[in-house]
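Below are the chains, spelled out letter by letter.
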Amino acid sequence: MATPRHDYTVRQGNTGALAARFYTLDGAGDRVPRDFSGATLVAYFKWHGGTLTKSGGSVMIDGHAVTVTLAPAETAALPSGRTVIYEIEHVLAGVQTTLLAGALVVEAGINA
């Protein structure tokens, strides 16, 4: 199955957030909220000349909703434009699965 893709936009020097709700299919083929019990979620960002990894308190899980938060200093350090790619990964019992991937479009900010 192909990894779902979604692009987000943040502004340099501002707090940024990537938020998504995740679902899976049950045995009957019905869509149900994804269970993240016991899992670790990690967000990876990459651009020419840099990387950023977010986990722990900056990747919040609320049921099947996940929010990755970028601090103002982190967005200020990102290059403007459509040059940053990201992946949100689920790690459980040694198995790593990419849940969501895409581009992080960074708008130029005057306070960056």
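**Student:** Please set out the overall build of the chain residue by residue, giving values where relevant.
**Tutor:** When helices and strands are counted, the chain shows 1 helix and 10 strands. Start at the N end of the chain and walk to the C end: the helices and strands fall as β-β-β-β-β-β-β-β-α-β-β. For the chain, the spread of C-alpha atoms along the principal axes amounts to about 50 × 25 × 20 Å. Every one of the 112 residues in the chain was classed for burial, and the buried ones make up 36%.

**Student:** So what about the nonpolar core? Which residues, and what values?
**Tutor:** Core analysis: the largest hydrophobic core is formed by 23 residues, its most contacted members being Leu-18, Phe-45 and Leu-104. Secondary-structure elements contributing two or more residues to this core are β1 (8–11), β2 (16–21), β5 (40–47), β8 (65–70), β9 (81–92) and β10 (95–107). If we skip the residues at most four places from it in the chain, Leu-104 touches Tyr-8, Val-10, Leu-18, Phe-45, Leu-70, Leu-78, Gly-81, Val-84 and Tyr-86.

**Student:** Break down the environment of Lys-46 for me, citing the residues and quoting the values.
**Tutor:** Take Lys-46: it is sitting in strand β5. Sequence spacing of Lys-46 and Ala-103 is 57 residues, and the spatial spacing of their C-alpha atoms is 9.6 Å. Excluding residues within four positions of it along the chain, Lys-46 makes contact with Thr-51, Thr-83, Val-84 and Ile-85.

**Student:** An account of the sheet that holds strand β7 (residues 59–62) is requested, with residue identities and associated values reported.
**Tutor:** The strand order β2-β8-β7 describes an open sheet built from 3 strands, whose pairing is antiparallel. Two strands lie at the open edges of the sheet, namely β2 and β7, each paired on one side alone. With direction set aside, neighbouring strand axes in the sheet form an average angle of 15°. Bridging between β2 and β8 involves 6 bridges; their strand directions are antiparallel.

**Student:** Outline unusual backbone geometry, supporting the account with residue identities and numerical values.
**Tutor:** In the Ramachandran plot, Ala-93 falls in the positive-phi region, its phi being about 55° despite a non-glycine side chain. By secondary structure assignment, the location of Ala-93 is in the loop between β9 and β10.

**Student:** Can you lay out the environment of Val-105 for me, pointing to particular residues and giving the numbers?
**Tutor:** Locating Val-105 in the fold gives a position in strand β10. For Val-105 and Ile-85, which are 20 residues apart along the polypeptide, the C-alpha to C-alpha distance reads 8.6 Å. Filtering out sequence-adjacent residues up to four positions away, Val-105 remains in contact with Tyr-8, Thr-9, Val-10, Gly-81 and Arg-82.

**Student:** How would you summarise the pairing of β1 if you had to cite specific residues and measurements?
**Tutor:** Burial along β1 is one-sided: Tyr-8 and Val-10 are buried, while Thr-9 and Arg-11, pointing the other way, are not. Across 4 bridges, the pairing between β1 and β10 is parallel. Paired with Tyr-8 across the bridge in β10 is Leu-104.

About the cut-offs
- Position labels on residues start from 1 in each chain and follow its written sequence.
- Residue-level local features of this predicted model are given only where pLDDT is at least 70; pairs of side-chain atoms are given and counted only at 80 or more, and the full residue set underlies all totals for whole chains, interfaces and linings.
- The side-chain quantities take in all heavy atoms of the structure and omit both hydrogens and water.
- Under the scheme used here, helices are H or I runs from DSSP no shorter than 4 residues and strands are E runs no shorter than 2 residues, and both carry numbers assigned from the N terminus.
- Partly exposed residues are those whose accessible area sits between 20% and 50% of the maximum for their type, while under 20% is buried and over 50% is exposed, using a 1.4 Å probe and protein chains only.
- Nonpolar cores were defined as sets of buried Ala, Val, Leu, Ile, Met, Phe, Trp, Tyr and Cys residues, with membership established by side-chain atoms within 4.5 Å.
- Whether two residues are in contact is decided by their heavy atoms, any of which lying within 4.5 Å being enough.
- A pair of strands is labelled paired if DSSP reports no fewer than 2 bridges between them.
- The convention used is that axes are lines fitted to C-alpha atoms, helices contributing only their stretch in contact, and that angles between N-to-C directions extend from 0 to 180 degrees.

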